[in-house]
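Close look at the chain arrangement
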2 protein chains.
Amino acid sequence: MANRVITIGRQCGSGGHTIGKLLAQRLGLPFYDKKLVEMVAAKTKLSPEFIRSHGEYFHGGSIGHIIGYGTRFNSGVLKTGSALTDQLHQAQCEIILEAAEKGPCVVVGRCADYVLAGKVPTLDVFIHSEMPYKIDRSVEEHSLERERAASILTRRDKARAHHYRFYTDQKWGDAKNYDLCLDSGTLGVEGCVAIIAGAYERMRQGT
Amino acid sequence: MANRVITIGRQCGSGGHTIGKLLAQRLGLPFYDKKLVEMVAAKTKLSPEFIRSHGEYFHGGSIGHIIGYGTRFNSGVLKTGSALTDQLHQAQCEIILEAAEKGPCVVVGRCADYVLAGKVPTLDVFIHSEMPYKIDRSVEEHSLERERAASILTRRDKARAHHYRFYTDQKWGDAKNYDLCLDSGTLGVEGCVAIIAGAYERMRQGT
């Protein structure tokens, strides 16, 4: 089971990105998060700004989402044609699959758990935490204004949940879709890294 | 943090009971699952059969649930009076709280995460797995007929989910209500025990 990929879904502000990065360092694996934006930009010629704002977030009025509704992209076939958001999602899926087929790695967000399901063995993780913890992290690490942090984080998570639902037909953050769901606020960032690394090693050893 | 209680919610057939028992043995903690039935029976004079069938399962037509709808028992005050299911739930809450106040322990099911919230420090765990794994376990360990297993397990989980929703106003199995959610089918029973024990030790040491 040398080719297992760790996918990490995460609430905004929960530290999922940091956990993925530390985990990749600890296990010596390639790490795909913001790097995916560059790879998708190179493949599609879409701007990094558009990729960042639409690659994981549902925008209510997007014609791409409206005309694509009900289609699935896991098959590797683009079904609805030209809408930019569909092109973006399709390119993301292909790049994630190519990366995963090269060898074990850590992929953050972008429906990677669903994209790889049935194609590559995965360890699917979801990171969440209570709002006060997420606010503290966002203020300290991303310089969010404390007064606006809760509403920004809530809005972003709503858009991520919609995006995930749209492309996977599954509920974002429902325990049954993941191998491991962890509260980074109570378990700590280092605690989460230790738990995921331990689970990964046990799966690799087949125990 | 010597008094932390591990609460384990679990899907039927996922091995949550076994995981709780092994965990309690490993950590040298008291284990409350079926034992709670005896304790509730002694306190309420209700029959063990009634306690087993109503202590965690919502029964659609129960007058107790109907007249109790919208009330909460976490405060330790019985608000709706005489219905047997309310008495049962109230007694369970009191016994769980008494047990938790004595010292660290492992409690399986019975909304213990919600009952203890804000009263005793907890490590809240939810165990789930895919249906084929649950069917195999139920056939091997509980002699369920293979052909009927899926429908029995689904019905029981539905009744547990309703019961949990009714008494807690929270969604059973939603990752955000737990510190740790684990897929026992992919992580293994021993793997789950190791992960929970590790998280518990880290919390105890405050790291």
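Here the structure is a predicted model, which means the values were calculated and not measured. (Residues numbered from 1 in each chain as written. Chains lettered and ligands numbered in written order. Predicted model: local features only at pLDDT ≥ 70, side-chain atom pairs only at ≥ 80, totals over all residues. Heavy atoms only, no water.)

Take the pairing of strand β4 (residues 122–128) of chain A next. For β4(A), the tally of buried residues reaches 7 of 7 residues, placing the bulk of the element in the interior. Both faces of β4(A) are covered, namely the face carrying Thr122(A), Asp124(A), Phe126(A) and His128(A) and the face carrying Leu123(A), Val125(A) and Ile127(A). (Buried < 20%, exposed > 50% of the residue type's maximum accessible area, 1.4 Å probe, protein only. Helix = DSSP H or I, 4+ residues; strand = E, 2+ residues; numbered from the N terminus.)

In this structure, Val107(A), Leu116(A), Val107(B) and Leu116(B) are the most contacted members of the largest nonpolar core, which totals 64 residues. What Val107(A) contacts, discounting residues up to four positions off in sequence, is Val5(A), Ile6(A), Thr7(A), Ile8(A), Tyr32(A), Leu36(A), Ile96(A) and Ala112(A). Leu182(A), Leu187(B), Val193(B) and Ala199(B) belong to the second-largest nonpolar core, a separate cluster that totals 50 residues. (Core = buried A, V, L, I, M, F, W, Y, C linked by side-chain atoms within 4.5 Å. Contact = heavy atoms within 4.5 Å.)

A separate point is the pattern of salt bridges. All names here are of chain A. The final tally for this structure, using the stated rule, is 20 salt bridges over all chains. Lys43 is the salt-bridge partner of Glu98, the closest N and O atoms lying 3.5 Å from each other. Linking Glu98 in helix α5 (residues 84–102) with Lys43 in helix α2 (residues 34–44), this pair joins segments that are 55 residues apart in sequence. Ionic contacts of the salt-bridge type, sharing partners, join the residues Lys43, Glu94 and Glu98 into one network. (Salt bridge = Lys/Arg side-chain N within 4 Å of Asp/Glu carboxyl O.)

Residue and element names in this part refer to chain B. Where helix α7 (residues 131–142) contacts helix α8 (residues 146–168), the two axes come as close as 9 Å, and the packing angle between them is 110 degrees. For the element pair α7 / α8, the angle class is roughly perpendicular. Contacts between α7 and α8 pair Met131, Lys134, Ile135, Asp136, Ser138 and Val139 from the former with Arg146, Ala149, Ala150, Leu153, Thr154 and Asp157 from the latter. A class-by-class count of the residues in the contact of α7 with α8 yields 6 nonpolar, 2 polar and 4 charged. (Axes fitted to C-alpha atoms, helices over the stretch in contact; angles between N-to-C directions. Parallel < 35°, antiparallel > 145°, perpendicular 65-115°, else oblique. Nonpolar A, V, L, I, M, F, W, Y, C, P; charged D, E, K, R; others polar.)

Let's shift gears to the sheet that holds strand β2 (residues 31–32) of chain B. The strand order across the open sheet built from 10 strands is β2(A)-β3(A)-β1(A)-β4(A)-β5(A)-β5(B)-β4(B)-β1(B)-β3(B)-β2(B), with neighbouring strands paired in mixed fashion. Here the strands that pair on one side only, and so sit at the sheet edges, are β2 (31–32) of chain A together with β2 of chain B. The sheet contact formed by strand β1 (residues 5–10) of chain B and strand β4 (residues 122–128) of chain B spans 6 bridges and is parallel. Residue pairing for β4(B): Val5(B) is matched across the bridge by Thr122(B). (Pairing = 2+ DSSP bridges.)

On to the interface of chain A and chain B, then. Chain A puts 23 residues into the contact, and the matching count from chain B is 23 residues. Carbon and sulfur atoms supply 54% of the area buried between chain A and chain B, which totals about 1,700 Å² over both sides. When residues of chain A are sorted by the area they lose upon contact with chain B, Asp179(A), Leu187(A) and Arg202(A) head the list and together hold 25% of the total. In this structure, the connection of chain A to chain B is made through 2 salt bridges. With its nearest N and O atoms 4.0 Å apart, the salt bridge here joins Asp174(A) to Lys171(B). Counting across the chain A and chain B interface gives 11 residue pairs in polar contact (both at pLDDT 80 or more). Residue contributions to the side of chain A that touches chain B peak at 6 residues, all from helix α10 (residues 189–205) of chain A. Class assignment for the residues of the side of chain A that touches chain B results in 12 nonpolar, 4 polar and 7 charged. Here strand β5 (residues 180–183) of chain A pairs with strand β5 (residues 180–183) of chain B via 3 bridges, running antiparallel. (Buried area = accessible area lost by both parts, 1.4 Å probe. Polar contact = N/O pair within 3.5 Å; in protein donor to acceptor, adjacent residues only side chain to side chain.)

Further remarks concern the packing of helix α1 (residues 16–27) of chain B against helix α10 (residues 189–205) of chain B. All names here are of chain B. One can describe the packing of α1 onto α10 by two numbers: an axis separation of 9 Å at closest approach and a directional angle of 50 degrees. Relative to α10, the element α1 lies oblique. The interaxial crossing formed by α1 with α10 has right-handed handedness. Mapping the contact onto sequence places Thr18, Ile19, Leu22, Leu23, Arg26 and Leu27 in α1 and Val189, Glu190, Cys192, Val193, Ala194, Ile196, Ala197, Tyr200 and Glu201 in α10. Per-class residue counts for the contact of α1 with α10 are 11 nonpolar, 1 polar and 3 charged. (Left-handed = near helix turned anticlockwise from the far one by under 90°.)

What follows covers the relation of the copies chain A and chain B. Turning chain A through 180 degrees and shifting it by 0.0 Å along the axis lays it on chain B, with an RMSD of 0.0 Å. Both chain copies can therefore be described as sitting about a two-fold axis. Taken as a fraction of all interface residues of chain A, those also at the interface in chain B reach 100%, which identifies the copy contact as same-surface. (Least-squares fit on C-alpha atoms with pLDDT ≥ 70 in both.)

So, on to the side chain of Asp33(A). Residue and element names in this part refer to chain A. Residue placement: Asp33 occurs in the loop between β2 and α2. At a separation of 2.4 Å, a polar atom in the side chain of Asp33 contacts the side chain of His17. A polar contact is formed between the side chain of Asp33 and the side chain of Arg110, at a distance of 3.1 Å. Once residues within four sequence positions are removed from consideration, Asp33 is found in contact with Arg10, His17, Val108 and Arg110.

Residues and elements named next belong to chain A. The predicted model of chain A has a mean per-residue pLDDT of 84, with 86% of residues at 70 or higher. Model confidence for chain A, summarised as mean pLDDT per element, is weakest for helix α4 (residues 63–68) at 42 and strongest for β5 at 98. Below a pLDDT of 50 lies the segment residues 61–82, which in the model reaches 51 contacts outside its immediate sequence neighbourhood of four places, other chains included. Interface confidence in the predicted complex, given as ipTM, is 0.84; pTM for the same model is 0.85. (pLDDT = per-residue confidence, 0-100.)

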